[in-house]
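Next come the chains, spelled out residue by residue.
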Amino acid sequence: QVQLRESGGRLVQAGDSLRLSCVASGGTFSTYSMGWFRQAPGKERDFVAATSWNGGITKYGDAVKGRFTISRDNAKRTVTLQMNSLQSEDTAVYYCAAVSSRVAAPVSANVYNYWGQGTQVTVSS
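Report follows, based on the coordinates.

1. Digging into unusual backbone geometry
A positive phi angle, close to 55 degrees, is found at Arg 77, a residue other than glycine. Examined against the element boundaries, Arg 77 turns out to sit in the loop between β7 (68–73) and β8 (78–83). Here the phi dihedral of Ser 85 falls at roughly 50 degrees; this positive angle occurs in a residue that is not glycine. Relative to the elements of secondary structure, Ser 85 occurs in the loop between β8 and β9 (92–99). What makes Ser 85 partly exposed here is its relative accessible area of 42%.

Below is the structure:
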């Protein structure tokens, strides 16, 4: 069983940068693909970014390509999401997710087994 806890969400201004962190406890973190998803009010949960077990493969949603970067530190059992050039459209609750899967860095939320509680990111224009 894996428990995930996100942190770092807050109110920022458009154009600012923000870093989200997700710490995992339980399970064998280094064997899991990790993903970030987000959900805005009244909208579906969208894929943001994902990384394979060793960080060798990373994937990004079209809306964040070139602005967001996902990375992981297996020794610290942490995955981070560096978000630059934030826009009001990035306002959402951001969720960290984990899965032990043959598919490296999956982009579908349905694949992930474990989820954090989420952290709110609000971008003011």
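2. Some remarks on the packing of aromatic side chains
Taken as a whole, this structure holds 6 aromatic pairs when the rule is applied. On the basis of an interplanar angle of 70 degrees and a centroid distance of 6.1 Å, the ring pair of Tyr 32 and Tyr 114 is categorised as edge-to-face. Here Tyr 32 is found in the loop between β3 (18–25) and β4 (33–39), whereas its partner Tyr 114 is found in strand β10 (residues 114–115), with 82 residues between them in sequence. Using a relative accessible area of 11% as the deciding quantity, one classes Tyr 32 as buried. Overall, Tyr 114 belongs to the buried group, its relative accessible area being 18%.

The rules we used
- Residues numbered from 1 in each chain as written.
- Predicted model: local features only at pLDDT ≥ 70, side-chain atom pairs only at ≥ 80, totals over all residues.
- Heavy atoms only, no water.
- Helix = DSSP H or I, 4+ residues; strand = E, 2+ residues; numbered from the N terminus.
- Buried < 20%, exposed > 50% of the residue type's maximum accessible area, 1.4 Å probe, protein only.
- Phe/Tyr/Trp six-rings, centres within 6.5 Å; stacked < 30°, edge-to-face > 60°.

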